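This is what each chain is made of:
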Amino acid sequence: MKILVTGGLGFIGSHTVVELLENNYEVIIVDNLYNSKIDVLDKIKKITGKETKFYQDDVCNKMALEKIFKENKIDSVIHFAGYKAVGESCSKPLMYYHNNLMSTINLLEVMKENNVKNFIFSSSATIYGNPGTSKYVEEMGRGKTTNPYGTTKSMIEQILEDLYNSDNEWSISILRYFNPIGAHSSGLIGESPNGIPNNLMPYILKVASKQLEVLNVFGNDYPTPDGTGVRDYIHVVDLAKGHVSALNKIVKSGAGVYVYNLGSGKGVSVLELVNTFERVNGVKVNYRIADRRPGDLAEYYADPSKALKELGWKTEKTVEDMCRDSWNFMKNNINE
Ligand code: NAD
Ligand code: UD1
């Protein structure tokens, strides 16, 4: 079975390609290298011993997509390609709406023309908005998003539902990720954000490796056990496996729109993550308490029971694994 993976050289895409290849799927990647490097392709081969066909194209370029579909008999598509930086989306909203929406609409149009109707989409817990409760359940539906990035995810979920309502031959899975961190245990692939990171684990890595001086912990006066923000961190390899489970589901169960939270179900605070990182890796992470970051919620985590019930999927890796694998990747790639 041939799977087209858009954004397949990125952080989550590359780990998912590895899992797909290890489950004997044939993979075709399309990525424009906006936020990834070509050497990830070799690293995927090193890990799996398998070849992956690669197209360096922009998913917003419909002609390029048409060519890919013409040259390959694609069965299903997993769509990771998109921009993901919340802060940047506030300063460059048009860029975000253009890339995230156009890539998806083009892709769906070309799929429809080629009668390929199995689709998996990377959504985010951010679509829940601020629902006034910490445990997020799929049935709660979409809330008011707080930034253009989140709005693109919410809009695409709506587009996918409308598409299915217009043609119920589509088999669509919407996966709402919580906070993906960690890296492949080989240390070959992981997340390498450009510049100064915004997200917690990439920032911890820069401080632990002495590339940045100190981590600002954004607030210690939240109504959480230690006062710092609580999130549901998920190891990227568990997340990648969730895609293989979702793919099996849409292929087996046939038409429908299947929405799943992919998280561990467990909340971890900023200080718990920092302390665990220091303990398992034996390194110091200098931190100081800073003001709250505007827009942050105190606490949220997934109710992952629907994914367990319907996909037979749950997270296997611990916060210790996430910290160890993130650091291992950092140490291996510090000079790249
Ligand atoms: P990433 O930036 O590492 O990967 C995205 C990949 O898509 C990159 O390789 C980039 O070069 C490529 N890309 C972007 N626009 C493209 C285009 N128009 N055409 C072709 N390639 C394009 O991001 P990631 O963390 O792997 O995230 C993957 C998906 O999951 C994104 O859609 C993101 O919004 C979503 N998501 C990520 C997180 C997270 O915390 N990482 C959380 C929730 C949802
Ligand atoms: C962010 C995105 C969200 C996305 C998610 C996926 C924002 C506002 N939201 O969520 O849309 O789906 O990533 O990973 O960016 N923290 C610090 N110091 C730091 C960085 C973070 O204390 O330098 C704290 C935050 O206040 C928060 C926690 O760490 O409590 C996690 O933050 P982060 O990694 O940025 O993720 P989210 O904000 O949860």
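Residues numbered from 1 in each chain as written. Chains lettered and ligands numbered in written order. Predicted model: local features only at pLDDT ≥ 70, side-chain atom pairs only at ≥ 80, totals over all residues. Heavy atoms only, no water.

(A) Fine view of the site of ligand 1. D31, N35, S36, K84 and N99 are the nearest of the 26 residues found near ligand 1. One of the backbone N or O atoms of V59 is found 2.9 Å from a nitrogen atom in ligand 1. Between an oxygen atom of ligand 1 and a side-chain N or O atom of K153, the distance comes to 2.9 Å. Protein chains bury 95% of the 820 Å² of accessible surface belonging to ligand 1 in isolation. A per-element tally of the shell around ligand 1 places strand β5 (residues 118-124) first, with three residues. For the shell around ligand 1, the per-class residue count stands at eleven nonpolar, ten polar and five charged. (Near = heavy atom within 4 Å. Polar contact = N/O pair within 3.5 Å; in protein donor to acceptor, adjacent residues only side chain to side chain. Areas by Shrake-Rupley, 256 points an atom, 1.4 Å probe, with all protein chains shown as cover. Helix = DSSP H or I, 4+ residues; strand = E, 2+ residues; numbered from the N terminus. Nonpolar A, V, L, I, M, F, W, Y, C, P; charged D, E, K, R; others polar.)

(B) Summary view of the site of ligand 2. Around ligand 2 sit 21 residues in total, of which L200, N216, R231, R293 and D296 are the nearest. Here an oxygen atom of ligand 2 and a side-chain polar atom of N199 are 2.9 Å apart. At a separation of 2.7 Å, an oxygen atom of ligand 2 approaches a polar side-chain atom of R293. Notes on ligand 2: free accessible area 730 Å², of which the protein chains cover 88%. Elements with a contribution of two residues or more to the shell around ligand 2: β8 (179-181) and β9 (215-218). The biggest single contributor to the shell around ligand 2 is β9, with four residues. Looking at the shell around ligand 2, its residues break down into eleven nonpolar, seven polar and three charged.

(C) Spotlight on unusual backbone geometry. In this structure, L33 is a non-glycine residue whose phi angle is positive, near 65°. Counting through the fold element by element, L33 comes out in the loop between β2 (26-30) and α2 (39-48). The backbone of K210 shows a phi angle near 65°, a positive value even though the residue is not glycine.

(D) Structural detail: the packing of aromatic side chains. Per the stated rule, a full pass over the model turns up seven aromatic pairs. Summarising the aromatic geometry, the rings of Y128 and Y136 are spaced 4.9 Å apart at their centres and angled 50° between planes, so their arrangement reads as tilted. You'll find Y128 and Y136 in the same group, each marked buried. For Y136, a relative accessible area of 1% translates into the label buried. (Phe/Tyr/Trp six-rings, centres within 6.5 Å; stacked < 30°, edge-to-face > 60°. Buried < 20%, exposed > 50% of the residue type's maximum accessible area, 1.4 Å probe, protein only.)

(E) Main features of the environment of E278. Relative to the assigned elements, E278 resides in helix α9 (residues 270-281). C-alpha of E278 to C-alpha of R324: the two residues are 46 residues apart in sequence and 9.7 Å apart in space. Each residue touching E278, except ones within four places of it in the same chain, is listed here: V283, K284 and V285. (Contact = heavy atoms within 4.5 Å.)

(F) Fine view of the pattern of salt bridges. On inspection of all chains with the given rule, the structure shows 20 salt bridges. Here E113 and K62 are joined by a salt bridge, their closest N and O atoms 3.5 Å apart. Taken together, the positions of E113 in helix α5 (residues 93-113) and K62 in helix α3 (residues 62-71) put the pair 51 residues apart, joining distant regions of the chain. Residues participating in the shared-partner salt-bridge network are K112, K117, D167 and E169. (Salt bridge = Lys/Arg side-chain N within 4 Å of Asp/Glu carboxyl O.)

(G) How the structure looks around the sheet that holds strand β12 (residues 256-262). The seven strands lie next to each other as β3-β2-β1-β4-β5-β7-β12, forming an open sheet whose pairing is parallel. Bordering the open sheet on either side are β3 (53-55) and β12, each of which pairs with just one other strand. The mean inter-strand angle of the sheet, taken between neighbouring strand axes irrespective of direction, is 20°. Relative to strand β7 (residues 171-177), β5 is paired through seven bridges, and the arrangement is parallel. Paired with S122 across the two strands is L175, which belongs to β7. Sheet strands in contact with helix α6 (residues 148-166) are β5, β7 and β12, and its direction is about 150° off that of β5. (Pairing = 2+ DSSP bridges. Axes fitted to C-alpha atoms, helices over the stretch in contact; angles between N-to-C directions.)

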